[in-house]
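A closer look at the structure
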Amino acid sequence: MSTDQKTVVISGTSRGIGQTTALRFMQEGWRVITCARGPLPEELSRAANWAHHFQLDLTGREAVDGFLREVKGILDGAPLHALVNNAGVSPKTPFKERLGILNGSIDGWRDVFELNLFAPLRLARGFAGDLARSKGAIVNITSIAGHYVHPFAGSAYSTSKAALSGLTREMAAEMAQLGIRVNAVAPGEIQTEMISPDYEALIPRIPLDRMGKPEDVAAAVFRLCTDEFNYVTGTEIFVTGGQHLY
């Protein structure tokens, strides 16, 4: 690794937005350290800049603490330049419904908040010193569902993403004293393997009249971590094709 090479940690990279975001950083020459519940495709695990991938579930303090120890060992005192909190979950009940106010268990809500809110908080706190060394950046992946009632997302997921938007604001205010910038990217309807055919019904609500691509989200995340945006903090960028306007 070149001494000038930057390093990013990204969670939730086994597929979709997280994997595409990791690829964007890798293509830009960054060293990429990732984690996800699932493995990487074999061709990606051999990529030169994809330095390390940890297959683990960030739900719970012990898992996060273990991941922090592993990454800090890899960094070995070197700075971390960016943290992208992408890992998230939107579970279904045994009746195949999204977890809501009146269905499913309250323990299910706790599990959603553990991964969607507390894992980003723990990772940001744990990597604060490493990010401060580089005056680095954090990007939290929120959602359009955190800002209005979404027909498919479910209340537990939507509420956790609204909380993550609020956490982004508070992180930005507190971590500015360390020189760390904190922003969020809120995707709308993005065409990934997780999207069901039902989502096609939402396209008429999107001014650009199409779903987005994972690359659209990855581009916004990457730019927020570069020096071009070094005076931007506490901002949430909507990558929604204008859907959030209505």
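Our structure is the block above this text.
Everything quoted here is computed from the prediction, not taken from an experiment.

Quick word on the pairing of strand 5 (residues 137–141)
Across the five residues of strand 5, five count as buried, placing the element largely inside the fold. What you see with strand 5 is no split at all: A137, V139 and I141 on one side and I138 and N140 on the other are buried throughout. With five bridges connecting them, strand 5 and strand 6 (residues 181–187) associate as parallel partners. Bridged to I141 within strand 6 is V185. Assessed by its sense of winding, the connection that carries the chain from strand 5 through helix 6 (residues 155–175) to strand 6 is right-handed.

A few points about the pairing of strand 4 (residues 82–85)
Here strand 4 shows a buried face lined by A82 and V84 and a second buried face lined by L83 and N85. Bridge analysis of strand 1 (residues 7–11) against strand 4 gives three bridges, and the strand direction is parallel. Considered in strand 4, the bridge of V8 is made with A82. Here strand 4 pairs with strand 5 via four bridges, running parallel. Residue pairing for strand 5: V84 is matched across the bridge by V139.

Some points on the environment of S143
Its place among the elements puts S143 in the loop between strand 5 and helix 6. The buried category is assigned to S143, whose relative accessible area is 7%. Distance in space between the C-alpha atoms of S143 and A184 is 9.1 Å, their sequence separation being 41 residues. Those residues within four positions of S143 in sequence are excluded, and the remaining contacts are Y157, K161, A186 and P187.

Structural notes on helix 7 (residues 214–224)
Three or more residues of helix 7 are buried, namely P214, V217, A218, A220, V221, F222 and L224. Against the buried residues of helix 7 lie helix 1 (16–27), strand 4, strand 5, strand 6 and strand 7 (236–239).

A short note on the sheet that holds strand 5
The strand order across the open sheet built from seven strands is 3-2-1-4-5-6-7, with neighbouring strands paired in parallel fashion. The open sheet is flanked by strand 3 (50–55) and strand 7, the only strands paired with a single partner. Averaged over all pairs of adjacent strands, the angle between strand axes in this sheet comes to 15 degrees, irrespective of strand direction. This element, helix 1, spans strand 1, strand 2 (31–36), strand 3, strand 4 and strand 6 of the sheet and lies at about 170 degrees to strand 1. Set on the sheet, helix 3 (residues 61–75) makes contact with strand 1, strand 2 and strand 3; between it and strand 2 the angle comes to about 165 degrees.

A short note on helix 1
An ideal rise of 1.5 Å per residue puts 16 Å on twelve residues; helix 1 measures up with 17 Å between its terminal C-alpha atoms. With ten of twelve residues buried, helix 1 is to be regarded as a mostly interior element. The set of residues buried in helix 1 consists of G16, I17, G18, Q19, T20, T21, A22, R24, F25 and M26. Remark: G29 follows helix 1 within two positions and exhibits a positive phi of approximately 95 degrees.

A look at the packing of aromatic side chains
Between two aromatic rings, the relevant description is the distance of the centres plus the angle of the planes. Following the criterion strictly, the structure yields five aromatic pairs and no others. Measuring from centroid to centroid gives 5.6 Å for F54 and F67, while their planes differ by 80 degrees, and the two rings are edge-to-face. In this pair, F54 sits in strand 3 while F67 sits in helix 3, placing the two residues 13 residues apart along the sequence. Of the two residues, F54 and F67, both sit in the buried class. An aromatic cluster is defined as three or more aromatic residues linked by ring pairs; in this entry it consists of F25, W30 and F222.

The rules behind the values
Residues numbered from 1 in each chain as written. Predicted model: local features only at pLDDT ≥ 70, side-chain atom pairs only at ≥ 80, totals over all residues. Heavy atoms only, no water. Buried < 20%, exposed > 50% of the residue type's maximum accessible area, 1.4 Å probe, protein only. Helix = DSSP H or I, 4+ residues; strand = E, 2+ residues; numbered from the N terminus. Pairing = 2+ DSSP bridges. Right-handed = clockwise from strand over helix to strand, strands pointing away. Contact = heavy atoms within 4.5 Å. Axes fitted to C-alpha atoms, helices over the stretch in contact; angles between N-to-C directions. Expected span 1.5 Å × (residues − 1). Phe/Tyr/Trp six-rings, centres within 6.5 Å; stacked < 30°, edge-to-face > 60°.

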